[in-house]
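Examining the three-dimensional arrangement
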Amino acid sequence: MKTYLVTGGAGFIGSNFILYMLKRYSNIRIINVDKLTYAGNLENLTSVKDDSRHIFAQADICDADAIGELFATYEPDYVVNFAAESHVDRSIDSPEIFAHTNITGTLTLLNAAREAWQTADGSYGTCKFLQVSTDEVYGSLSLDEPGIFFTESTPLDPHSPYSASKASADLFVCAYSSTYQLPINITRCSNNYGPFQFPEKLIPLMIHNALQLRALPVYGDGLNVRDWLYVIDHCKAIDLVLHKGTTGEVYNIGGHNEHPNIAIVKTIISQLANQVDSAITEELIQYVSDRKGHDRRYGIDPQKITEELGWVPETSFEEGIAQTIEWYLSNEEWVGRVTSGAYQDYYKNMYEGR
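Everything numeric in this text was worked out from a predicted model, so none of it was measured.

1. Description of the pattern of salt bridges
Applying the stated criterion across every chain yields a total of 13 salt bridges. The salt bridge partner of Arg 24 is Asp 239, with a shortest N-O separation of 3.0 Å. Remark: Asp 239 occurs in helix α7 (residues 231-244) and Arg 24 occurs in helix α1 (residues 12-24); sequence separation between them is 215 residues. Of the residues examined, Arg 24 reaches a relative accessible area of 52% and is grouped as exposed. Look at Asp 239 and you get buried, because its relative accessible area is 4%. Here Arg 337 and Glu 333 are joined by a salt bridge, their closest N and O atoms 3.9 Å apart. Highlighted residues: Arg 337 and Glu 333, both in helix α11 (residues 332-338), separated by four residues, approximately one helical turn. Judged by relative accessible area, Arg 337 falls into the partly exposed class, the value being 43%. According to the relative accessible area criterion, Glu 333 is exposed, its value standing at 63%. Counted as one network, the salt bridges with shared partners bring together Glu 43, Glu 333 and Arg 337.

2. A word on the sheet that holds strand β9 (residues 225-230)
The strand order across the open sheet built from three strands is β7-β9-β11, with neighbouring strands paired in mixed fashion. The sheet is open, and its two edges are formed by β7 (191-193) and β11 (258-260), each paired on a single side. Across the sheet, the mean angle from the axis of one strand to that of its neighbour is 50 degrees, orientation sign disregarded. Sheet analysis places β9 next to β11, joined by three bridges and oriented antiparallel. Bridge assignment links Arg 226 to a residue of β11, and that residue is His 259.

3. Considerations on the side chain of Glu 85
With respect to the element layout, Glu 85 can be found in the loop between β4 (78-81) and α3 (88-93). Of the side chains bearing the opposite charge, Arg 90 lies closest to the buried Glu 85, which forms no salt bridge; the N-O distance is 6.1 Å. In contact with Glu 85, not counting residues within four places along its chain, are Thr 37, Tyr 38, Ile 97, Phe 98, Thr 101, Asn 102 and Tyr 162.

What counts and what doesn't
Residues numbered from 1 in each chain as written. Predicted model: local features only at pLDDT ≥ 70, side-chain atom pairs only at ≥ 80, totals over all residues. Heavy atoms only, no water. Salt bridge = Lys/Arg side-chain N within 4 Å of Asp/Glu carboxyl O. Helix = DSSP H or I, 4+ residues; strand = E, 2+ residues; numbered from the N terminus. Buried < 20%, exposed > 50% of the residue type's maximum accessible area, 1.4 Å probe, protein only. Pairing = 2+ DSSP bridges. Axes fitted to C-alpha atoms, helices over the stretch in contact; angles between N-to-C directions. Lys, Arg positive; Asp, Glu negative; His and termini not counted. Contact = heavy atoms within 4.5 Å.

Interpretation note: all reported values are geometric properties and have no functional meaning in isolation.
Here is the structure:
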């Protein structure tokens, strides 16, 4: 039985990954490590709460003693590091929190893995450390050159405290590969969407606000372009890289599925107006001051992972957005619970005051 230590496993992508892996493989064990900040929610994993293969440990990845104890207790074969502060707006307000979690936390995990895995002859067996990163580390592409995409050799050029912290973490992972020969992979994905995404991100925020007939805040002119990837397609790609990816390599994960933000918002409005309430119209759109350092376009070239590992995204945006809207419509109570409490004041200050 192989053991996976998955950090940030109660968050959006992490919880989807755990559910996918437990469904796909029978003879595995997953140690789910999550601090349970505002975006971490064990309710996402209700369907596996009685599965003995899923073990939850509440811990901060920056806590070296706690992480070391988990390695000693469970002896994981793999680490998949999803844990991160990830909301760009929050990083602009509190960059030091992002530096601490995303850089120091990754360094703590790397040290624990190296200490636990390295044998007397300096080898690491079949263990592997997979760092889940983002296309935002590459910076921004021009809207005037739609044929240009981020590749694995694109220089890192982060523009926000969030992306700077992720780029820094990536560089530490690469350094541990070069210096200590730690077996690693880094994956850099485009914007994910799907079930369990906390409603501070564009798609779930628009769905939630529209259902409440609240203003739909759109930054700047709304023409910033993102490459969208259904979360389960991302989980399948990580699974492939973890087990079949060439050790030490970076793999970009995207689907040539680019859309301007305003087009995403209008798609959501149209579908909700047809399915739920004709009062949901484009009149709800409210253009707000642009985000500081707002990257204009992201576009991922997934040629490497396609050619080497045979991965291709299986979910079209039309199919994925329909599934996502249906999930949020069927789980409005979940949305209500995660947007209450400590998050409520932040939510009101950021969006309702504009």
